[in-house]
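Spelled out, the chains give:
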Amino acid sequence: QVRLVESGGGSVQPGGSLRLSCAASGFTFSRYAMSWYRQAPGKERELVAVTTNSGDTTNYGDSVKGRFTISRDNAQNTVYLQMNSLKPEDTAVYYCNALLTERLRKYNYWGQGTQVTVSS
């Protein structure tokens, strides 16, 4: 059974930091690209950060570049999102995603999300 379980969300003041974790199980984690997405109320889900299966390459949404860092530990089947210099506009539900495209088939898994609220 595939599971992606996010943790680490919460409430923080502007300028603060949070570290999200996503623990994966039920699939071969090291083969999958891993991403963090977020969705704010009334807005579409947007890509925050993505890392390749090896972790060698990362990319970020323009709104979080220089503030957020994605990393992964393939030995622990976990992906992280370090969020610094948080702003109120970072408030959203953050979702972990696992993606593998193989032989024209797409394997795409989502976590249940964790709430991040940035407010003074």
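In short, a report on the structure. (Residues numbered from 1 in each chain as written. Predicted model: local features only at pLDDT ≥ 70, side-chain atom pairs only at ≥ 80, totals over all residues. Heavy atoms only, no water.)

## Some words on the pattern of salt bridges
Part 1: Per the stated rule, a full pass over the model turns up 5 salt bridges.
Part 2: Here Arg31 ties to Glu102 by a salt bridge, and the two come within 2.1 Å at their closest N and O atoms. One end of the pair, Arg31, is in the loop between β3 (18-25) and β4 (33-39); the other, Glu102, is in strand β9 (residues 92-102), with 71 residues separating them in the sequence.
Part 3: Judged by its relative accessible area of 40%, Arg31 falls in the partly exposed class.
Part 4: Of the charged contacts in the structure, one is a salt bridge between Asp90 and Arg67, with a shortest N-O distance of 2.7 Å. With Asp90 in the loop between β8 (78-83) and β9 and Arg67 in the loop between β6 (58-60) and β7 (68-73), this pair connects stretches of sequence that are 23 residues apart.
Part 5: Among the residues examined, Arg67 registers a relative accessible area of 11% and is labelled buried. (Salt bridge = Lys/Arg side-chain N within 4 Å of Asp/Glu carboxyl O. Helix = DSSP H or I, 4+ residues; strand = E, 2+ residues; numbered from the N terminus. Buried < 20%, exposed > 50% of the residue type's maximum accessible area, 1.4 Å probe, protein only.)

## Overview of the nonpolar core
Part 1: Core analysis: the largest hydrophobic core is formed by 28 residues, its most contacted members being Trp36, Leu81, Met83 and Tyr94.
Part 2: Every element with two or more residues in this core is listed here: β3, β4, β5 (46-51), β7, β8, β9 and β11 (114-118).
Part 3: Excluding residues within four positions of it along the chain, Met83 makes contact with Gly16, Ser17, Leu18, Leu20, Arg67, Phe68, Tyr94 and Val116. (Core = buried A, V, L, I, M, F, W, Y, C linked by side-chain atoms within 4.5 Å. Contact = heavy atoms within 4.5 Å.)

## Digging into the sheet that holds strand β1 (residues 3-7)
Part 1: Overall, antiparallel pairing links the 4 strands, which are arranged β1-β3-β8-β7 in an open sheet. Whereas interior strands pair on both sides, the edge strands pair on one side only; in this sheet they are β1 and β7. Looking at each pair of strands side by side, their axes are set apart by 15 degrees on average, direction ignored.
Part 2: Here β3 runs beside β8; their pairing, made up of 6 bridges, is antiparallel. Looking at the pairing, Leu20 lines up with Leu81 of β8. (Pairing = 2+ DSSP bridges. Axes fitted to C-alpha atoms, helices over the stretch in contact; angles between N-to-C directions.)

## Examining the packing of aromatic side chains
The relation between two aromatic rings is expressed through the spacing of the ring centres and the mutual angle of the planes.
Part 1: All chains considered together, the criterion is met by 5 aromatic pairs.
Part 2: On the basis of an interplanar angle of 65 degrees and a centroid distance of 4.7 Å, the ring pair of Phe27 and Tyr32 is categorised as edge-to-face. Tyr32 matches Phe27 in its accessibility class, with the two residues each being buried.
Part 3: An aromatic cluster of at least three residues, connected via ring pairs, comprises Phe27, Phe29, Tyr32 and Tyr109.
Part 4: In this arrangement the basic side chain of Arg45 is found over the ring face of Tyr95, its NZ or CZ atom lying 3.8 Å from the centre. (Phe/Tyr/Trp six-rings, centres within 6.5 Å; stacked < 30°, edge-to-face > 60°. Lys NZ or Arg CZ within 6 Å of the ring centre and 35° of its normal.)

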